[in-house]
Amino acid sequence: MTHTSVRSRIIRRGTGITERSSLSVTDMFVDVVLPCLDEAEALPWILGRIPSGFRPIVVDNGSVDGSARIARSLGAVVVQEPRRGFGAACQRGLSVADADVVCFCDCDASLDPEQLPRVAGPVLGGEADLVLGCRRPVAPGVWPLPSRLANRELARRIRRRTGMQVRDLGPMRAGRREDLLALRLVDRRSGYPLEMLVRAADAGWRVDEVEVDYLPRVGRSKVTGTVRGFWQAVRDMNAVLAR
């Protein structure tokens, strides 16, 4: 797949990020993996904001609300992953993607797909191997204090484990498909994003962060929205950091 031009430069000043980018494409050049479990309400907004040149791959992880049908009707590629788990859905999407660069994005409307070029740009431009979207809440209450403190502690442990000065695990991210597959990730639940980052660090990848807006999600979180989901995520991530 070809594109006519890719230019992106991320300049960091303190906690702010200035972006200068120009992306023009003649063919599809980035795949976007969207793990999906009962996101019928959010899908129209999500898919309606996918940028030109980015192909949405919705991975249905056992939805019972018609998510797959809605995604298909809106023009997305839809694949099924019967094994329940966030990591299982992400890996399934990665395995069916065929673009050189692949993005990942939550499907609950908490992240704006229009900002995908901001995350993919440094990878497309050869400036980074993995880019994480560092979440920036758009309004008070979007990111509840307990979740924000838990993320801050996780980022601290990641810095200690990897030496990388990351601030957020970054649910919106981008990397090169072949390189991501070569990491041979094994977690199929909530530890998947963390395992990707840890293995990338161990492999000597250039990892960068760019800020992205963090919006009020649609519906209840499958992780922080339930006690069981929260503690399962904690166990999964602890297991990854202990390896």
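Our subject is the structure that appears above.
What counts and how
- Residues numbered from 1 in each chain as written.
- Predicted model: local features only at pLDDT ≥ 70, side-chain atom pairs only at ≥ 80, totals over all residues.
- Heavy atoms only, no water.
- Helix = DSSP H or I, 4+ residues; strand = E, 2+ residues; numbered from the N terminus.
- Buried < 20%, exposed > 50% of the residue type's maximum accessible area, 1.4 Å probe, protein only.
- Contact = heavy atoms within 4.5 Å.
- Areas by Shrake-Rupley, 256 points an atom, 1.4 Å probe, with all protein chains shown as cover.
- Pairing = 2+ DSSP bridges.
- Axes fitted to C-alpha atoms, helices over the stretch in contact; angles between N-to-C directions.
- Salt bridge = Lys/Arg side-chain N within 4 Å of Asp/Glu carboxyl O.
- Core = buried A, V, L, I, M, F, W, Y, C linked by side-chain atoms within 4.5 Å.
- Phe/Tyr/Trp six-rings, centres within 6.5 Å; stacked < 30°, edge-to-face > 60°.
- Lys NZ or Arg CZ within 6 Å of the ring centre and 35° of its normal.
- Lys, Arg positive; Asp, Glu negative; His and termini not counted.
- Right-handed = clockwise from strand over helix to strand, strands pointing away.

Colleague: Talk me through the overall build of the chain; I want residue IDs and the actual numbers.
Modeller: Scanning the chain from terminus to terminus reveals eight helices and nine strands. Per-residue burial over the chain gives 53% buried out of 243 residues. Sequence-distant contacts, at least 24 apart, represent 73% of the contacts inside the chain between residues at least 6 apart. Only carbon and sulfur atoms are counted for the fraction: they give 50% of the accessible area of the chain, which is about 11300 Å².

Colleague: Please give an account of the pairing of strand S7 (residues 130–137) that cites residues and values.
Modeller: Taking burial as the measure, the eight residues of S7 include six buried ones, the bulk of the element. Of the pairings in the sheet, the one linking S7 to strand S9 (residues 207–214) comprises eight bridges and is parallel in character. Across the sheet, the residue bridging to Gly133 is Val210, located in S9.

Colleague: How would you sum up the sheet that holds strand S4 (residues 54–60)? Please name residues and give values.
Modeller: Pairing in this open sheet of seven strands is mixed, and the strands run S5-S4-S3-S6-S8-S7-S9 from one edge to the other. Both edges of this open sheet fall to strand S5 (77–80) and S9, since each of them pairs with a single strand only. Strand after strand, the sheet turns through a mean of 25 degrees between neighbouring axes, direction not considered. Strand direction decides the pairing type here: strand S3 (residues 30–36) and S4, joined by seven bridges, are parallel. Paired with Cys36 across the strands is Asp60, a residue of S4.

Colleague: Before we move on, could you go through helix H4 (residues 116–124) and cite the residues and values that matter?
Modeller: In terms of residue burial, H4 counts as a mostly covered element, since eight of its nine residues are buried. If you check which residues of H4 are buried, you get Leu116, Pro117, Val119, Ala120, Gly121, Pro122, Val123 and Leu124.

Colleague: So what's going on with unusual backbone geometry? Which residues, and what values?
Modeller: Residues other than glycine seldom take positive phi values, yet Asp38 does so here, at roughly 55 degrees. Relative to the elements of secondary structure, Asp38 occurs in the loop between S3 and helix H1 (43–48).

Colleague: How would you explain the pattern of salt bridges if you had to name every residue and give the values?
Modeller: All told, the structure shown has 16 salt bridges when counted by the stated rule. For Asp112, the salt bridge identified is with Arg49, shortest N-O distance 2.7 Å. With Asp112 in the loop between strand S6 (101–104) and H4 and Arg49 in the loop between H1 and S4, this pair connects stretches of sequence that are 63 residues apart. Among the residues examined, Arg49 registers a relative accessible area of 23% and is labelled partly exposed.

Colleague: So what about the nonpolar core? Which residues, and what values?
Modeller: Among the nonpolar cores identified, the biggest contains 38 residues, and Leu34, Leu43, Leu47, Phe54, Val58, Cys103 and Leu116 are the most heavily contacted of them. For this core, the secondary structure elements donating two or more residues are S3, H1, S4, helix H2 (67–73), S6, H4 and S9. Within the second largest apolar cluster, 31 residues are counted, among which are Val33, Leu185, Ala200 and Val240.

Colleague: Could you give an account of helix H7 (residues 192–202), naming the residues involved and the relevant values?
Modeller: Since the α-helix turns once every 3.6 residues, residues separated by three or four places project in the same direction. Across the 11 residues of H7, nine count as buried, placing the element largely inside the fold. Tyr192, Pro193, Leu194, Glu195, Met196, Leu197, Val198, Ala200 and Ala201 are the residues of H7 that are buried. A positive backbone phi angle near 80 degrees is found at Gly204, which sits one or two residues after H7.

Colleague: Describe the packing of aromatic side chains, and please don't skip the residues or the numbers.
Modeller: The way to describe two aromatic rings as a pair is by their centre distance and the angle between their planes. Per the stated rule, a full pass over the model turns up two aromatic pairs. Here Arg135 stacks its cationic end above the ring of Tyr214, 5.0 Å away from the centre of that ring.

Colleague: I'd like to hear about the side chain of Asp106, residue by residue, with values.
Modeller: Tracing the chain through its elements places Asp106 in the loop between S6 and H4. An unpaired buried charge is present at Asp106: no salt bridge exists, and Arg135, the closest side chain of opposite charge, is 5.8 Å distant. Residues within four places of Asp106 in sequence aside, it is in contact with Leu34, Ile46, Phe86, Leu111 and Pro171.

Colleague: Any details on the pairing of S3? Residues and values, ideally.
Modeller: Buried residues dominate S3, accounting for seven of its seven residues. Side chains Val30, Val32, Leu34 and Cys36 project from S3 onto one buried face, and the interleaved Asp31, Val33 and Pro35 project onto a second face that is buried too. Between S3 and its parallel partner S4, the chain crosses via H1, and the hand of that crossover is right-handed. Strand direction decides the pairing type here: S3 and S6, joined by four bridges, are parallel. Bridging across to S6, Val32 finds its partner in Cys103.

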